[in-house]
Amino acid sequence: MDSYLNIIKNSYSDYWNYIKQSVLMELNWENYFYGLIIISLVVWILEMVFPWRKHQSIFRKDFWLDVFYMFFNFFLLNLIILIALSNATAQFFNDILSIADLSIANFQLFDINKFPFWLRIFTFFIIIDFVQWFTHTLLHKYEFLWNFHKVHHSVKEMGFAAHLRYHWMEPVLYNSMKYIPLAIMGGFTAKDIAIVHFFNITIGHLNHANINWDYGYLKYILNNPKMHIWHHAKELPKERRTGVNFGITLSIWDYIFKTNYIPHSGRDIEIGFNGDEYFPKDFINQEIYPLNKES
């Protein structure tokens, strides 16, 4: 028990130190704090220069709520619960395996660090993106999970900052689903994660941005604003009621598994979900909504 308490305590102190180092610019390429700010400013400027919905205000509906969500989910949530929970869970899993005289290495199919750099990055990116796509489909398929995911779909005017409006339970599910493939791949470096993470943030911001882009033929590989707007559509055909266009960074999974759907320009479609007019409008009540939901 003491070892778990130490893991939790060290997780808090280590991550707090990381945040301080980030803000004080004592880190280099792994500085997610300023990385997020720079990416957000660049995509926001693109929204101003190339607006798709020209009537939409630069400070759209719930802009500041979404900005708060960006920094809360990206940094404070890790400090409050995710890092400590993740480290403690990993140790618990290792302890259970040790009882059976096993370790994570027993499940490792290959060591990703033995790959050439480009192949290491590509393999890590592809596997993780597919796991996230699959997890995203579960958030729409099961009512219990959908009640958490409604926070993200409560956005009524789309903009880059809507990317990181989500309930804190979502990263718990995503990280849990990613744990097994990460174990199978073996070790990976912090630099690998940073490169993939910054790329994913950029594409995620662009997906939600008020920009009329689809990248031409690359739209069949990369998720994009003209595709992702339909993921947020309030009205979908009955046969598509569990959702469409689940891609996180890549759109290719939707084309492979036939969950793609772009019937026409989605510039002016209404986004949200049925009953969203009754959904809480403030951060606290959005976070506790699933706990109060009787379903």
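Quick notes on the rules
Every residue gets a number counted from 1 within its own chain, in the order that chain's sequence is written. Totals for whole chains, interfaces and linings use every residue, but because this is a predicted model, local features are given only for residues with pLDDT of at least 70 and side-chain atom pairs only at 80 or more, for both listing and counting. Water and hydrogen atoms were dropped before computing side-chain values, which therefore reflect all heavy atoms in the structure. Helix and strand assignments follow DSSP, with helices taken as H or I runs no shorter than four residues and strands as E runs no shorter than two, numbered in order from the N terminus. Only protein chains enter the area calculation, which uses a 1.4 Å probe; residues under 20% of their type maximum are buried, those over 50% are exposed, and those in between are partly exposed. Contact definition: two residues touch when any of their heavy atoms are within 4.5 Å. To be clear on the numbers: accessible area is Shrake-Rupley with a 1.4 Å probe, and residue cover counts the displayed protein chains and nothing else. Any two of the Phe, Tyr and Trp rings considered here, Trp counted by its six-membered ring, make a pair once their centres fall within 6.5 Å; the pair's planes then place it as stacked at under 30 degrees, edge-to-face at over 60, or tilted in between.

(A) Focus on the overall build of the chain. Helices and strands together make up the secondary structure of the chain, namely 10 helices and zero strands. Tracing the chain from N to C terminus, the helices and strands come up as α-α-α-α-α-α-α-α-α-α. Here the chain holds 295 residues, and the buried ones make up 47% of them. In the chain, 75% of the contacts between residues at least 6 apart in sequence involve partners at least 24 apart. If you sum the accessible surface of the chain, you get close to 15,600 Å²; carbon and sulfur atoms cover 66% of it.

(B) Quick peek at the packing of aromatic side chains. Counted by the stated rule, this structure contains 27 aromatic pairs. Their ring planes at 90° and their centres at 4.9 Å tell us that F33 and Y34 sit as a pair that is edge-to-face. Overall, the relative accessible area of 19% leaves F33 in the buried class. The class for Y34 is partly exposed, based on a relative accessible area of 26%. With a centroid separation of 4.7 Å and 55° between ring planes, the pair formed by F279 and Y289 is classed as tilted. With F279 in the loop between α9 (252-256) and α10 (283-292) and Y289 in helix α10, the pair connects residues that are 10 residues apart, well separated along the chain. With respect to burial, F279 and Y289 carry one shared label: buried.

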